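# Summary of the model geometry
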Amino acid sequence: MAYDVIVIGGGPAGLSAAVNVRARGRSVLVVSNPMEESPLWKAELVDNYLGIPGVSGAELLTAFRAHAEKAGAVLREGRVLSALAIGSEWYVSIGSDVESASAIVLAAGVARARKLPGEAEFLGKGVSYCATCDGMLYRGRPVAVVGYSDSAKKEAEFLQSIGCTVTYFDRPRKCEIAGSDKAERVTCDGQTAEVACVFLLRPALAPTDLFPGIAVETGYVQVDRSMATNLPGVFAAGDCTGLPLQVSNAVGQGLVAGQSAAKYAADLARKK
Ligand SMILES: Cc1cc2nc3c(=O)[nH]c(=O)nc-3n(C[C@H](O)[C@H](O)[C@H](O)COP(=O)(O)OP(=O)(O)OC[C@H]3O[C@@H](n4cnc5c(N)ncnc54)[C@H](O)[C@@H]3O)c2cc1C
């Protein structure tokens, strides 16, 4: 099914965007990693969200999510790996699935990880970001999973289930990928594994990896007052757009991005 809007990220910015897309009568899909892995979930006490002092991040996020669901947003757990515009439609890959929409709200928070040595060089040549998409290519062979979240373990289990011998590195501090024409080994925290593929499973990708060509400044997505990016139909909100990295800011920006994305989708539908 094609949606009017796809929101990438189910934190305060993404859920606020989704509620406001629904308030404009448009369909919206929110794709996000598990709620328990989001940064806000880990906040023991949020004391500066207007009108609701003294709540935990988990309580706040649970309430935001319930609100978005009640408003009619479709919430889907998954990791968005890439986005591609074909004509006026955006296609978003979620693991090995694809969903499409007229407009996108990028609300993926801050991608904190830096690229590993060898990662860019061997991407697509023995380095992959998705076990369920590329795993079959390495069936029965030795692979490594470098996991930065709890859900990465599920992808490692999938690789084992298709006969791969898996070396699992759990949130290592330092890793390096080496090889000649393709990746052949990975060394993490002093341990080396000879592999056919290294699966790098991070919860978040840099905005420029998700949307090649998106304008960023010091790592943050550039937006105008309507939260539009330089890419037609792509809006952004929350921590991914820069300081202050705070819930109230994310919720406010999510509202603007949601309204702008809904208007963009409605205008496009009128032209068709
Ligand atoms: C310990 C801690 C305490 C904090 N305390 C406070 C506080 O007291 N007050 C306050 O205002 N703020 C606080 N913050 C900051 C606040 O959590 C953030 O500013 C806010 O959550 C930003 O919202 P967001 O929606 O922009 O991004 P996020 O909350 O980061 O949400 C983004 C979501 O998108 C998901 N995602 C990213 N990439 C992808 C992808 N490719 N595919 C699918 N999903 C993806 C992420 O996993 C995440 O769930 C705190 C943060 C931390 C870590």
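Per-chain numbering applies: the sequence of each chain, read as written, is numbered from 1 onward. This being a predicted model, a pLDDT of at least 70 is required before a residue's local features are given, and a value of 80 or more before pairs of side-chain atoms are given or counted; all residues contribute to the totals for chains, interfaces and linings.

Only the C-beta atom matters for nearness: placed from the backbone, it must lie within 6 Å of the molecule or strand for the residue to count as near. The ligand sits among 33 residues. The nearest are Gly-9, Gly-11, Ser-38, Gly-109 and Gly-238. Runs of H or I in DSSP of at least four residues are treated as helices and runs of E of at least two as strands, each being numbered from the N terminus. Counting only elements with at least two residues in the shell around the ligand, the list comes to α1 (12-23), β2 (28-32) and α7 (247-271). We call Asp, Glu, Lys and Arg charged. Ala, Val, Leu, Ile, Met, Phe, Trp, Tyr, Cys and Pro are nonpolar, and the rest, Gly among them, are polar. The residue makeup of the shell around the ligand, split by class, is 17 nonpolar, twelve polar and four charged.

This part takes up the domain arrangement of the protein chain. As used throughout, domain bounds are those supplied by an automatic or database domain assignment. Under the domain assignment used here, the protein chain contains domain 1 (2-112 + 205-271) and domain 2 (119-201). For domain 1 versus domain 2, the separation of C-alpha centres amounts to 29 Å. In this complex, domain 1 contributes six residues to the contact, which on the side of domain 2 involves seven residues. We call two residues in contact when their backbone-placed C-beta atoms lie within 7 Å.

Next up on the list: unusual backbone geometry. Leave glycine aside and you will find that most residues have negative phi; peptide bonds, for their part, are mostly trans. The residue after Leu-243, namely Pro-244, is reached through a cis peptide bond having omega -5°. Assignment of secondary structure puts Pro-244 in the loop between β16 (234-236) and α7. Of note, the phi angle at Thr-218 is positive, near 45°, even though the residue is not glycine. Looking at the element boundaries, Thr-218 is found in the loop between β14 (216-217) and β15 (220-221). Looking at Thr-218, the number of C-beta atoms within 10 Å reads 5, which means it is exposed. Think of it as a crowd count around each C-beta: if 20 or more other C-beta atoms lie within 10 Å the residue is buried, if 12 or fewer it is exposed, and in between it is partly exposed, with C-beta placed from the backbone throughout.

So, about the nonpolar core. Most often, soluble globular proteins keep nonpolar side chains buried together rather than apart. Here a nonpolar core is just a set of buried residues of the types Ala, Val, Leu, Ile, Met, Phe, Trp, Tyr and Cys, joined wherever their C-beta atoms sit within 7 Å. With 53 residues, the main nonpolar core has Val-5, Ile-6, Ile-104, Val-105, Phe-235 and Ala-261 as its most contacted residues. Residues within four places of Ile-6 in sequence aside, it is in contact with Leu-29, Val-31, Trp-90, Val-92, Glu-99, Ala-101 and Ile-104. Counting 23 residues, the second largest nonpolar core, distinct from the first, contains Ala-131, Ala-152, Leu-159 and Phe-169.

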